[in-house]
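Listed below are the residues making up each chain.
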Amino acid sequence: MKSTEGESRRVLEYGQKFIGGVVFGIGRLFLVLMVAAFILIDLERIQGFLRSLVPERYQGDYDRIYVGIDRGLSGVIRGQLVICTINGILTYIGLWLFKVKYPLLLGGIAATMSLVPIFGSILSSVPIVAVALISSGTFDIKKGLLVLGWIILIHLFEANLFNPKIMGNAAKIHPVLVVFALIAGEHSYGLVGALFAVPVASIIQTIFVYYRRRPKGPLAGPTPPPSAITPA
C-alpha cells in the first residue's frame with residue numbers, strides 16, 4: 001500500500017514539474033514575442049541608433065552585412081511559417097480522419113507550437129493525444145495510439161524533411177547546419193534556444209561569408225542608411 005502511494009506521489013510530482021516547465025516555457029516564449037513586437041514598432045529608430053554606433057569608415061561594411069542578415073532572417077520567417085502551416089494542415093487531416101473532437105482547434109495549436117522547431121511539435125502532441133483518448137466519451141486507448149502514431153509520423157517528416165530542407169532553402173543554410181543549430185540551441189537554452197537557433201546561425205553565416213569574400217580593408221566613405229539600400 002505504501003509502495004503504491006509512493007509511486008502515485010512521484011507520478012504526481014513529475015506531472016507537476018512537466019506542466020510547470022511547459023507553462024514557464026510558453027510564458028518565456030510570449031515574453032520574447034512581446035519584446036520582438038516592441039522592436040518592430042520602433043525599428044527605424046533602433047536601426048539608426050545602431051548605425052550611429054559604428055565608425056563612419058566602417059558603415060559600408062555594416063550596411064551590407066545588415067542587408068544580408070535582413071534577407072536571411074526574412075527567409076527563416078517564411079520557412080518557419082510554411083512549416084507551421086504544413087504541420088497544422090496535416091494534424092487537422094489526421095484528427096478529422098480519426099474523428100477526434102475539435103480538429104481545427106487542435107490543428108491550430110499544433111501549427112502555433114511549431115514556431116519552436118521540432119520541440120514545439122512534441123509539446124503540442126500532449127493535449128492532442130489527451131483529447132483523442134477521451135474524444136469518444138470513454139477512455140479509447142486505440143484512438144489515442146492511432147493519433148499518437150499519426151503525430152509521430154508528422155514529427156518524423158518535420159524533423160528529417162521539412163525543417164532541414166525548407167529552413168535550409170529559405171535561410172540559405174545547409175540542412176546539416178540547421179539540425180546542429182537546433183540541437184545546440186535546445187541543449188543550451190531550452191525552447192527559447194531552439195526558437196532562435198536558426199536565426200542566430202543565419203546571422204553568423206552571413207557575417208562569416210561577407211568577411212571571407214570581402215576585399216581587405218574597410219569600405220571607404222559613408223553609404224546610405226540600410227533602409228535606402230536595395231537588396232540584390
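Let me begin by describing the structure that accompanies this report. (Residues numbered from 1 in each chain as written. Predicted model: local features only at pLDDT ≥ 70, side-chain atom pairs only at ≥ 80, totals over all residues. Heavy atoms only, no water.)

**Topic: the overall build of the chain**
When its secondary structure is counted, the chain shows seven helices and zero strands. Beginning at the N terminus, the succession of helices and strands in the chain can be written as α-α-α-α-α-α-α. Residues classed as buried in the chain amount to 34% of the 232 residues present. Nonlocal contacts in the chain, meaning residues at least 24 apart in sequence, comprise 69% of its contacts between residues at least 6 apart. (Helix = DSSP H or I, 4+ residues; strand = E, 2+ residues; numbered from the N terminus. Buried < 20%, exposed > 50% of the residue type's maximum accessible area, 1.4 Å probe, protein only. Contact = heavy atoms within 4.5 Å.)

**Focus on unusual backbone geometry**
Trans is the common state for peptide bonds, and a negative phi is the common state for residues other than glycine. Residue Lys99 is not a glycine yet carries a positive backbone phi of 60°. Phi is positive for Tyr102, close to 55°, though the residue is something other than glycine. On the secondary structure map, Tyr102 appears in the loop between helix H3 (59–97) and helix H4 (103–113). Residue classification places Tyr102 among the exposed residues on the basis of a relative accessible area of 54%.

**Things to note about the pattern of salt bridges**
Inspection of the entire model under this criterion finds one salt bridge. Arg51 is the partner of Asp63 in a salt bridge, and the nearest nitrogen-oxygen pair spans 2.8 Å. Residue Asp63 is found in helix H3, and its partner Arg51 is found in helix H2 (residues 43–52); the two are separated by 12 residues along the sequence. In this pair, the class of Asp63 matches that of Arg51, namely buried. (Salt bridge = Lys/Arg side-chain N within 4 Å of Asp/Glu carboxyl O.)

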